[in-house]
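One letter stands for each residue in the lines below.
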Amino acid sequence: MNRLLPVWRESIVRRREEGSLPHAFLIHGPTGIGKTEEALHLAALFVCESETDRPCGECDACTSFGEYGDLDFRLLRPVEKPCWVSPEELAGLSDPGASLKRFLDDGFLAPSVPEIAGRTRIPLTLASTHLFRRVGGRIRYDRAQWNRRVENGKFEPSEERFLLGLVTPLSLARYSSTIGIGHISGDSVVGADTAILKWISRKPSGRRRKVVILEDADRMTEEAQNSLLKTLEEPPADSVLVLTTARREGLLETIRSRCEDVRLSPLGETDMRDALGTYFDSLADDDARELMQLGEGVPGRAALVDLDRHRRERGEVEELIGWARSRSFDRFFTTLEAWIEGIESANEDSVAVARRRLTAVLSWSRDRAVEQNQADFDSMERLFRSTHRAAVSLRPGANLRLYLEEFGRRIWDAFAREGTPA
Ligand SMILES: [Zn+2]
């Protein structure tokens, strides 16, 4: 437990001694950079019984915060953020591959399980079907419903234990798409008692402070943000609120100005390499290089990459672009059609697949632009720009086929000026 930015840690420790600690923090930086980890270290620093310059990681407070099982700790997390499980946990299942498939088929996991070999932490994403319940038009997180469905699912005891374990941490609640007013100040659905403001206004039950972490706080509705604002203006003395976001501009200026700002920037090469070491057992040099490139200094981003799939998808992109460059009209449009069908029929959220393919085109065109002569450079730049525009405008619920056909036409046009027919 010593990852907290050193300069910042010193300043926190100094202010803790002076009794002038802030009550609210805003940790921002790209998705996967480690904002929650940072928030947890910060939380531990506030509650650790050793009161030294870093959380001891061993006292009762540090341990129970670290396990997300403390009465004075709350964490609100979007459902699509993966649970990281260890290979040992998976090995507890008699046939891990078959069990994972069943969890997927039965709607407990979302179809995003990457290749597992070589990983020391495996990202599993919970599906929301069994985890949320619709009450009076609102969606409510319901751990008891999940547990019930697991118990009724006729799983083997080891499978049952595994699934129950995924939602056990009592301090951790999930939200489905936005953080609404119900989460902050309570309503008939979430219940005022479990809402954050009510909870934080009570005395800590054993720790020195109560800590709340809101992940992706920019997903608070405006109503929720306004409701939180009152607490930020007059925070309870023994409370700490930590907001994390990858989109700082998504928060009201009035919220931002009342939080101490902590920015996490992408890591340099050495730190990135070290960070990857916490996700993978041993990495071949080629794989490591490619992951570093794809991660762009953000370890959590690299760790989610399924390299085999990435290489396959990149190969498809190369083929498609190859036909556009050689101006092979028929082959280009036949390949495009197969490409679109592949995306539509994928066994996962097709918008997510489409987004990944666009990212593959982006990284391909960027890499190539660096190596090209001027004529090629211009085409690559056109390709990069139109892909970037496409990626930004891709929204769930869009007419995907129409969208991808239009995007295909842009790829074709990007190379129009090279004009050398095959
Ligand atoms: Zn401690």
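Because the structure is predicted, anything quoted here is derived from the model rather than measured.

1. A few points about the overall build of the protein
Line of reasoning, step 1. Across its full length, the protein holds 19 helices and 10 strands.
Line of reasoning, step 2. Expected size for 422 residues packed as a compact globule is a radius of gyration near 22 Å; at 24 Å, the protein falls within 12% of this value.
Line of reasoning, step 3. Seen through its principal axes, the protein has C-alpha atoms that stretch 75 × 50 × 45 Å.
Line of reasoning, step 4. The buried share of the protein, reckoned over its 422 residues, is 30%.
Line of reasoning, step 5. Within the protein, contacts between residues at least 6 apart in sequence are counted, and of these 70% link residues at least 24 apart.

2. Some points on the nonpolar core
Line of reasoning, step 1. Judged by nonpolar contacts, the single largest core of 58 residues is most densely connected at Ala 43, Val 211 and Val 242.
Line of reasoning, step 2. Among the elements that line this core, the one with the most residues is helix H2 (residues 35–47), at 8 residues.
Line of reasoning, step 3. Both of domain 1 (6–77 + 176–265) and domain 2 (83–166) provide at least three residues apiece to this core.
Line of reasoning, step 4. For Val 211, the residues in contact, after removing those within four places along its chain, are Ala 43, Phe 46, Val 47, Asp 72, Phe 73, Val 240 and Val 242.
Line of reasoning, step 5. In terms of nonpolar packing, the next biggest core, distinct from the first, is built from 20 residues, Ile 321, Ala 324, Phe 332 and Phe 415 among them.

3. Focus on the domain arrangement of the protein
Often, the extent of an interface is quoted as the loss of accessible area upon association of its parts.
Line of reasoning, step 1. With domains assigned, the protein is organised as domain 1 (6–77 + 176–265), domain 2 (83–166) and domain 3 (306–414).
Line of reasoning, step 2. Measuring from the centre of the C-alpha atoms in domain 1 to the corresponding centre in domain 2 gives 27 Å.

4. With respect to H2
Line of reasoning, step 1. Its 13 residues give H2 an end-to-end C-alpha distance of 19 Å, which sits within 8% of 18 Å, the value for a rise of 1.5 Å per residue.
Line of reasoning, step 2. Those residues of H2 not exposed but buried are Lys 35, Glu 38, Ala 39, Leu 40, His 41, Leu 42, Ala 43, Ala 44, Leu 45, Phe 46 and Val 47.
Line of reasoning, step 3. Against helix H1 (6–18), strand E1 (24–28), helix H3 (60–66), strand E2 (73–78), strand E8 (210–214) and strand E9 (239–245) lie the buried residues of H2.

5. Concerning the environment of Pro 55
Line of reasoning, step 1. Tracing the chain through its elements places Pro 55 in the loop between H2 and H3.
Line of reasoning, step 2. Considered as a pair, Pro 55 and Leu 45 are 10 residues apart in the sequence and their alpha carbons are 5.0 Å apart.

6. Observations regarding the pairing of E1
Consecutive residues of a regular strand have side chains that alternate between opposite faces of the sheet.
Line of reasoning, step 1. With 4 of its 5 residues buried, E1 lies for the most part within the structure.
Line of reasoning, step 2. Of the pairings in the sheet, the one linking E1 to E9 comprises 5 bridges and is parallel in character. Bridge pairing links Phe 25 to Val 242 in E9.

7. Observations concerning unusual backbone geometry
Line of reasoning, step 1. Even without being glycine, Tyr 68 reaches a positive phi, approximately 55 degrees.
Line of reasoning, step 2. Judged by the 16 C-beta atoms lying within 10 Å of it, Tyr 68 falls in the partly exposed class.
Line of reasoning, step 3. Of note in this structure, Glu 296 is not a glycine but carries a positive phi near 45 degrees.
Line of reasoning, step 4. Within the secondary structure, Glu 296 is located in the loop between helix H13 (285–295) and helix H14 (299–303).

8. Topic: the pairing of strand E5 (residues 132–135)
Line of reasoning, step 1. Bridge count between E5 and strand E6 (residues 138–141): 4 bridges; the pairing is antiparallel. Each bridged residue has a counterpart across the sheet, and for Arg 134 the counterpart in E6 is Ile 139.

9. Thoughts on the sheet that holds E2
Line of reasoning, step 1. Read from one edge to the other, the open sheet built from 6 strands follows the order E7-E2-E8-E9-E1-E10, with strand pairing classed as parallel. The open sheet has two edge strands, strand E7 (172–175) and strand E10 (260–263), and neither has a second partner. Pairwise comparison of adjacent strand axes, ignoring direction, gives a mean angle of 20 degrees for this sheet.

10. Concerning the confidence of the model for the protein
Line of reasoning, step 1. Counting all residues, the mean pLDDT for the protein is 87, and 95% of those residues have values of 70 or more.
Line of reasoning, step 2. Of all secondary-structure elements in the protein, the lowest mean pLDDT belongs to H1, at 79, while helix H11 (residues 253–256) reaches the highest, 96.

11. Focus: the environment of Thr 278
Line of reasoning, step 1. Within the secondary structure, Thr 278 sits in the loop between helix H12 (269–276) and H13.
Line of reasoning, step 2. The spatial distance from the C-alpha of Thr 278 to the C-alpha of Val 351 is 30 Å, given a sequence separation of 73 residues.

12. Structural notes on the packing of H12 against H13
Line of reasoning, step 1. Across the interface, H12 lies against H13 with an axial gap of 11 Å and an inter-helix angle of 110 degrees. One way to sum up the angle between H12 and H13 is to call them roughly perpendicular. Crossing handedness for the pair H12 and H13: right-handed. Of the residues in H13, those touching H12 at Met 272, Arg 273 and Leu 276 are Ala 288, Leu 291, Met 292 and Gly 295.
Line of reasoning, step 2. Residues belonging to the contact of H12 with H13 are distributed by class as follows: 5 nonpolar, 1 polar and 1 charged.

13. As for the packing of helix H15 (residues 307–325) against helix H16 (residues 329–344)
Line of reasoning, step 1. Where H15 meets H16, the axes come as close as 8 Å, and the angle between the chain directions of the two elements is 155 degrees. Relative to H16, the element H15 lies roughly antiparallel. When the axes of H15 and H16 are compared, the crossing they make is left-handed. On H16, the residues touching Glu 316, Glu 319, Leu 320, Trp 323 and Ala 324 of H15 are Arg 331, Phe 332, Thr 335, Leu 336 and Trp 339.
Line of reasoning, step 2. Residues belonging to the contact of H15 with H16 are distributed by class as follows: 6 nonpolar, 1 polar and 3 charged.

14. Observations regarding the environment of Asp 274
Line of reasoning, step 1. Within the secondary structure, Asp 274 is located in helix H12.
Line of reasoning, step 2. C-beta crowding within 10 Å serves as the criterion here: with 11 such atoms nearby, Asp 274 is assigned to the exposed category.
Line of reasoning, step 3. For the pair Asp 274 and Gly 29, spaced 245 residues apart in the sequence, the C-alpha separation amounts to 19 Å.

About the thresholds
Residues numbered from 1 in each chain as written. Predicted model: local features only at pLDDT ≥ 70, side-chain atom pairs only at ≥ 80, totals over all residues. Helix = DSSP H or I, 4+ residues; strand = E, 2+ residues; numbered from the N terminus. Rg over C-alpha atoms; globule rule 2.2 N^0.38 Å. Buried ≥ 20, exposed ≤ 12 C-beta atoms within 10 Å, placed from the backbone. Contact = placed C-beta atoms within 7 Å. Core = buried A, V, L, I, M, F, W, Y, C linked by C-beta atoms within 7 Å. Domains from an automatic or database assignment. Expected span 1.5 Å × (residues − 1). Pairing = 2+ DSSP bridges. Axes fitted to C-alpha atoms, helices over the stretch in contact; angles between N-to-C directions. pLDDT = per-residue confidence, 0-100. Parallel < 35°, antiparallel > 145°, perpendicular 65-115°, else oblique. Left-handed = near helix turned anticlockwise from the far one by under 90°. Nonpolar A, V, L, I, M, F, W, Y, C, P; charged D, E, K, R; others polar.

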